[in-house]
Amino acid sequence: MSTEAPAPTTDTDLIADVAIVGGGLAGLSLAAALGTAGVRTLCIDRDSPAHQLGATFDGRTTAISHGSKKILEGAGVWAHLNGDAGPILDIRVTDQNRPTFLHYDHREVGDQPFGYIVENIVLRRAQFARLAELPSVTHLAPVEVTALDRGPTMATITLADGRRVRARLVVGADGRGSLCRKDAGIALVGGSYDQTAIAVTVEHEFPHHGVAVEMFLPSGPFAMLPLTGNRTSIVWSDKSAAVPHYMGLDEVAFTAELQARIGDWLGAVRPIGGRYIFPLSWQHAQRYIDRRLALISETIHAMHPIAGQGLNMGLRDLAALAEVIVDAWRLGLDVGGTATLERYQRWRRFDNVSLLGVTDGLTRLFSNDIAPLKVARGLGLAAVNSAPLMPLKKLFMRHAMGIVGELPRLVRGEPL
Ligand SMILES: Cc1cc2nc3c(=O)[nH]c(=O)nc-3n(C[C@H](O)[C@H](O)[C@H](O)COP(=O)(O)OP(=O)(O)OC[C@H]3O[C@@H](n4cnc5c(N)ncnc54)[C@H](O)[C@@H]3O)c2cc1C
């Protein structure tokens, strides 16, 4: 990675094949993938790396599916985690503390874990380390993108410090409120769940043995995700109106609330490293592309964390986009041309729409206390679980592992 611009044409212009607006987990991963293939790439973020690695920035973890791990391996990021990723060996789903379990054991689909739980800060650090190894990638941060001008053959990005970036393709990876999406006038559909997630990590007495648990409570799902060591990441979604009360509790009372929900399978628990809150909603963009623009990850889809799929979908977006870009680039074709971009949009739309639909349906079905729905849920979970190798259960497991549909080369473990 260079810290200054490659081959400026004027004092202020920076030139790249691809300019990525937004260096969150998705934008950084795309930069790493393109840089690994040698594509001249600029990744721009308004936040400084020091702030993004600080204690107050993001206390979340990500459940990285088996398919996403392959993408991060191919982009050269995974090696920089240095083993700091907790394998998920078992997934248990329970409805309101009832004994009816939906139980997924990774051995039913092969010898690989379903995925890994990784702290976002650990993932981000690994991404910065990877970009530093890549001579064709420039990471510009902190500097805000203030305007885009996307012409027929080239796009120009204006930065807050007055510099301009010229590129064949702009990739919008700038999150839910994306400037890039607004610039293209792309509409959204979406809604709120009236739920807020509290993310917190706990240390505990007994080992978790790689077991991830999702408990559906009427006020929202409560997830326990196994990190390395005797540590578990908690994603506690609750009614938004109740969350200020929980956030205001002192350490003893907050620990008691956590322990009451977790139960005794982990022994005594102790929160470490702060509490972080995230209001929950979903949204989907009407289109993923426009002239010299492709959008990825949360710029086009955001969802409830109930299934831990948001970034996994984003990583599949960028694996597909990186593939169409690299294919065009190797043939000397226009990486920002309409044919390249349409191939990307066609590829990703079905997977994203289906997962958004399933996630929204699950959230609404399980976040309530209506008696007939409770019965239906119990029967449904028992039915899916009762035949250990039935195709539906296997399909669910393969979805959780991110290995369904037309897989990009990176997901198949092949180089770009
Ligand atoms: C509680 C919770 C738990 C979750 N758990 C999981 C999970 O287990 N598995 C999973 O797959 N997903 C999970 N998700 C979803 C996941 O966290 C998101 O999908 C992911 O963080 C989105 O990353 P992103 O890079 O697309 O967007 P962002 O993280 O929003 O990054 C956007 C970046 O763009 C930059 N930016 C914005 N505008 C500009 C501008 N004008 N100029 C320059 N820079 C700009 C911002 O500074 C930011 O760095 C969870 C979400 C929540 C809320």
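Residues numbered from 1 in each chain as written. Predicted model: local features only at pLDDT ≥ 70, side-chain atom pairs only at ≥ 80, totals over all residues. Heavy atoms only, no water.

> Any chance you could explain the overall build of the protein here in plain terms?
Tallying secondary structure elements over the protein gives eleven helices and 19 strands in all. Each of the 416 residues in the protein was classed as buried or not, and the buried ones make up 54%. Once local pairs closer than 6 in sequence are excluded, the contacts in the protein between residues at least 24 apart make up 73%. Within the structure as shown, the protein displays about 16,800 Å² of accessible surface, and the carbon and sulfur contribution to it stands at 58%. (Helix = DSSP H or I, 4+ residues; strand = E, 2+ residues; numbered from the N terminus. Buried < 20%, exposed > 50% of the residue type's maximum accessible area, 1.4 Å probe, protein only. Contact = heavy atoms within 4.5 Å. Areas by Shrake-Rupley, 256 points an atom, 1.4 Å probe, with all protein chains shown as cover.)

> Is there a simple way to explain the sheet that holds strand E7 (residues 115–119) in this structure?
Within a sheet, adjacent strands bond to each other through the backbone by hydrogen bonds, running parallel or antiparallel. Reading across the sheet, the three strands line up as E3-E7-E4 and stay open at both edges, with antiparallel pairing between neighbours. Two strands bound the open sheet, and with one partner strand each, they are strand E3 (61–65) and strand E4 (86–88). Each neighbouring strand pair of the sheet contributes to a mean axis angle of 30 degrees, computed without reference to strand direction. Strand contacts of helix H3 (residues 66–74): E3 and E7, with the helix running at about 95 degrees to E3, the strand carrying the most contacts. (Pairing = 2+ DSSP bridges. Axes fitted to C-alpha atoms, helices over the stretch in contact; angles between N-to-C directions.)

> Explain the packing of aromatic side chains to me, please; I cannot follow it from the model alone.
The geometry of an aromatic ring pair comes down to the distance between the two centres and the angle between the two planes. Under the counting rule described, the total for this entry stands at five aromatic pairs. Their ring planes at 25 degrees and their centres at 5.9 Å tell us that Trp236 and Phe254 sit as a pair that is stacked. Of the two residues, Trp236 is situated in strand E15 (residues 231–239) and Phe254 in helix H7 (residues 251–262); the sequence distance between them amounts to 18 residues. Each of the two residues, Trp236 as well as Phe254, counts as buried. A network of ring pairs unites the aromatic residues Phe222, Trp236, Tyr246 and Phe254 as a single cluster. (Phe/Tyr/Trp six-rings, centres within 6.5 Å; stacked < 30°, edge-to-face > 60°.)

> How should I be thinking about the site of the ligand in this particular structure?
Neighbouring the ligand are 30 residues; Asp45, Ala63, Ser297, Leu311 and Asn312 lie closest to it. The contact in question runs from an oxygen atom of the ligand to an N or O atom on the side chain of Arg60, over 3.1 Å. Calculation on the ligand without its partners gives an accessible area of 1,000 Å², and the protein chains cover 90% of this total. At the level of secondary structure, the elements contributing two or more residues to the shell around the ligand comprise helix H1 (25–37), E3 and helix H8 (310–330). Among the residues forming the shell around the ligand, the class breakdown is twelve nonpolar, twelve polar and six charged. (Near = heavy atom within 4 Å. Polar contact = N/O pair within 3.5 Å; in protein donor to acceptor, adjacent residues only side chain to side chain. Nonpolar A, V, L, I, M, F, W, Y, C, P; charged D, E, K, R; others polar.)

> What is the right way to look at unusual backbone geometry in this model?
Trans is the prevailing form of peptide bonds, just as negative phi is the prevailing case for residues other than glycine. Note the cis peptide between Ala141 and Pro142, where omega equals 0 degrees. Residue Ser297 is not a glycine yet carries a positive backbone phi of 55 degrees.

> Help me out: how do you make sense of the pattern of salt bridges in this one?
Oppositely charged side chains are able to pair whenever their charged atoms sit close together. Counted according to the given criterion, the structure contains 25 salt bridges. Arg409 is the partner of Asp327 in a salt bridge, and the nearest nitrogen-oxygen pair spans 2.7 Å. In this pair, Asp327 sits in helix H8 while Arg409 sits in the segment after helix H11 (391–400), placing the two residues 82 residues apart along the sequence. A relative accessible area of 22% places Asp327 in the partly exposed class. For Arg409, a relative accessible area of 16% gives the class buried. Overlapping salt bridges bring together Arg150, Asp183, Arg287 and Asp290 as one network. (Salt bridge = Lys/Arg side-chain N within 4 Å of Asp/Glu carboxyl O.)

> What is the right way to read the layout of surface pockets from this model?
Empty pockets left among the atoms are what a rolling probe the size of a water molecule brings to light. Quantified by volume, the second largest pocket comes out at close to 230 Å³. Gly59, Glu119, Thr201, Gly273 and Tyr276 are, among the 17 residues lining the second largest pocket, the residues nearest its centre. Among the elements of the structure, helix H4 (120–131), strand E12 (188–204) and strand E16 (269–285) are those that each provide at least two residues to the lining of the second largest pocket. Tallying contributions element by element places E16 first for the lining of the second largest pocket, with four residues. When grouped by side-chain class, the residues that make up the lining of the second largest pocket number seven nonpolar, six polar and four charged. (1 Å grid on protein atoms, 1.4 Å probe; cavity = no way out; pocket = protein on both sides within 12 Å on 5 of 7 lines; lining within 4 Å. Points joined across faces, edges and corners; volume = space filled by probe spheres on them.)

> I'm lost on the pairing of strand E1 (residues 13–21) in this one. Help?
Each regular strand displays side chains that alternate between the two surfaces of the sheet. Taking burial as the measure, the nine residues of E1 include nine buried ones, the bulk of the element. With eight bridges joining them, E1 and strand E11 (residues 164–172) adopt parallel strand pairing. Considered in E11, the bridge of Val21 is made with Gly172. Pairing of E1 with strand E2 (residues 41–44), which is carried by four bridges, proceeds in the parallel orientation. Its bridge partner lying in E2, Ile20 is registered against Cys43.

> Teacher, can you tell me more about the packing of H3 against H8 here?
Angle between the axes and distance between the axes are the two parameters that describe a pair of packed helices. Where H3 contacts H8, the two axes come as close as 10 Å, and the packing angle between them is 45 degrees. One element, H3, and the other, H8, form an angle in the oblique class. Relative to H8, H3 is oriented so that their crossing is left-handed. Here H3 contributes Ser68, Ile71 and Leu72 to the contact with H8, which in turn contributes Asn312, Leu315, Arg316, Leu318 and Ala319. Of the residues in the contact of H3 with H8, the class split is five nonpolar, two polar and one charged. (Parallel < 35°, antiparallel > 145°, perpendicular 65-115°, else oblique. Left-handed = near helix turned anticlockwise from the far one by under 90°.)

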